[in-house]
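# Topology and contacts: notes
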Amino acid sequence: FRVREVDEAGTLTATYIHSIGKKGSPSRVDAIDSIQAFVSSIAGLLSSRAVLLSVGVGDSSASPTSALLLSMLQQSLSRIAKVAFAYRLGKAIEPECKMYRFCADLLHDSSFVLNCLSPMLPKAFRPPILALSSICFAVCDVVASSTKASLSAHFAKWENLGELNAKDSSQETIISLLGMLTGSLLVNWISGHWATWTALILMLSVHLEANRRAVRAIVMQTLNRQRATVVYHRLCVGHIPRPAEVSRVERIFERNGAVRDAENRLIGVCTM
């Protein structure tokens, strides 16, 4: 199937349908990704409001200098965290792309939780909590960027990586904008700690579940330790597994160096 008609802006190429490989139902992944981006934008507004309350917006005794120093602390720790994480675990992201993609979402949501927790704490405890939130968000940024590059290369079929990234960014921008517009209407109705936490937990639950489903839907074409073990056991019984079959057995989180038998039971740990 080929798309013959192209709009005047040239947004859709003539080979767009073929330009994305069938490696894990891209349309399904896009739909789930849109859902998680939408709810994440709304949760981000609740988080931003909590940060403003923590730094003293509306408090006549708050000092602009204190807010500036807190911002400097957050940015400094964020940069250090990015460099440290890239140095320590940079090489591990590529083979365990799916696991780190989901870890990025956990760090992202942890940052939101810490931000919303900060106004409830005494002022002396707010800077460490906000600094920890910045570290989580910084590491999330590194992991998300790295895994996005790997997954984009995975889905790009006709060497159209630039086109794929451009359209993915455009889609994410539109969905995030819709989420912000919706959130701007909801935040006026969500006030008080209980209402904020109820809405936040609901949004983050949808966000994590959507990302879990998106990660599970991706069918990788390369082997890591876990997938190689699954393929080995299938080959031992004379069966050549397809990537989709291996993906159904694969776990998102697996112990480093774990060795499993044909029944997917842990039998030992291998270290190199």
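Predicted model only: the values in this text are computed from it and were never measured.

Let us now look at the pattern of salt bridges. As enumerated under the stated definition, the model contains ten salt bridges in all. The shortest N-O distance in the salt bridge between R213 and E209 comes to 2.9 Å. Remark: E209 and R213 occur in helix α7 (residues 193-217); sequence separation between them is four residues, near one turn of the helix. With relative accessibility at 42%, the residue R213 sits in the partly exposed group. Residue E209 is classed as partly exposed on the basis of its relative accessible area of 30%.

Of the residues in the protein, 89% reach a pLDDT of 70 or more, and the chain-wide mean stands at 83. Here helix α1 (residues 16-19) stands out as the element of the protein with the lowest mean pLDDT, 42, in contrast to helix α4 (residues 97-117), whose mean of 94 is the highest. Across residues 1-24, where pLDDT falls below 50, the model places 42 contacts with residues more than four positions away in sequence or in other chains.

Take the nonpolar core next. Core analysis: the largest hydrophobic core is formed by 14 residues, its most contacted members being A43, L46, F112, C116, L200, M203 and L204. Within the residue set of this core, elements represented by two or more residues are α2 (26-55), α4 and α7. Not counting residues within four places of it along the chain, the set of residues in contact with L204 comprises A43, D109, F112 and V113. Grouped together as the second largest cluster of nonpolar side chains are eleven residues, I93, A104, C140 and A144 included.

Now for the environment of E163. Assignment of secondary structure puts E163 in helix α6 (residues 161-186). Since its relative accessible area comes to 23%, E163 is described here as partly exposed. Of note is the side chain of E163, whose polar atom sits 2.8 Å from the side chain of K167.

By the definition in use, this model includes one aromatic pair. Here F102 and F253 contribute two aromatic rings whose centre-to-centre distance is 5.8 Å and whose plane-to-plane angle is 70°, an arrangement assigned as edge-to-face. On the criterion of sequence distance, the pair formed by F102 in helix α4 and F253 in the loop between α9 (243-249) and β1 (258-260) is long-range, its members being 151 residues apart. With a relative accessible area of 9%, F102 lands in the buried category. Under the relative-accessibility criterion, F253 is labelled partly exposed at 41%.

A pair of packed helices is captured by two measures, namely the crossing angle of their axes and the spacing between those axes. Running from N to C, helix α3 (residues 64-89) and helix α5 (residues 126-155) point in directions that differ by 40°, and their axes come no closer than 8 Å. Judged by the angle between their axes, α3 and α5 are oblique. The interaxial crossing formed by α3 with α5 has right-handed handedness. Contacts from L70, L73, Q74, L77, S78, A81, K82 and F85 of α3 reach α5 at P127, L130, A131, S134, I135, A138, V139, D141, V142 and V143. Looking at the contact of α3 with α5 residue by residue, the class counts come to 13 nonpolar, three polar and two charged.

Glancing now at the environment of S47. Counting through the fold element by element, S47 comes out in helix α2. Classification of S47 as buried rests on a relative accessible area of 2%. Between the alpha carbons of S47 and V113 there is a distance of 7.5 Å; along the sequence they are 66 residues apart. Aside from chain neighbours lying at most four places away, what touches S47 is F112, N115 and C116.

Reading the values: rules and limits
Residues numbered from 1 in each chain as written. Predicted model: local features only at pLDDT ≥ 70, side-chain atom pairs only at ≥ 80, totals over all residues. Heavy atoms only, no water. Salt bridge = Lys/Arg side-chain N within 4 Å of Asp/Glu carboxyl O. Helix = DSSP H or I, 4+ residues; strand = E, 2+ residues; numbered from the N terminus. Buried < 20%, exposed > 50% of the residue type's maximum accessible area, 1.4 Å probe, protein only. pLDDT = per-residue confidence, 0-100. Contact = heavy atoms within 4.5 Å. Core = buried A, V, L, I, M, F, W, Y, C linked by side-chain atoms within 4.5 Å. Polar contact = N/O pair within 3.5 Å; in protein donor to acceptor, adjacent residues only side chain to side chain. Phe/Tyr/Trp six-rings, centres within 6.5 Å; stacked < 30°, edge-to-face > 60°. Axes fitted to C-alpha atoms, helices over the stretch in contact; angles between N-to-C directions. Parallel < 35°, antiparallel > 145°, perpendicular 65-115°, else oblique. Left-handed = near helix turned anticlockwise from the far one by under 90°. Nonpolar A, V, L, I, M, F, W, Y, C, P; charged D, E, K, R; others polar.

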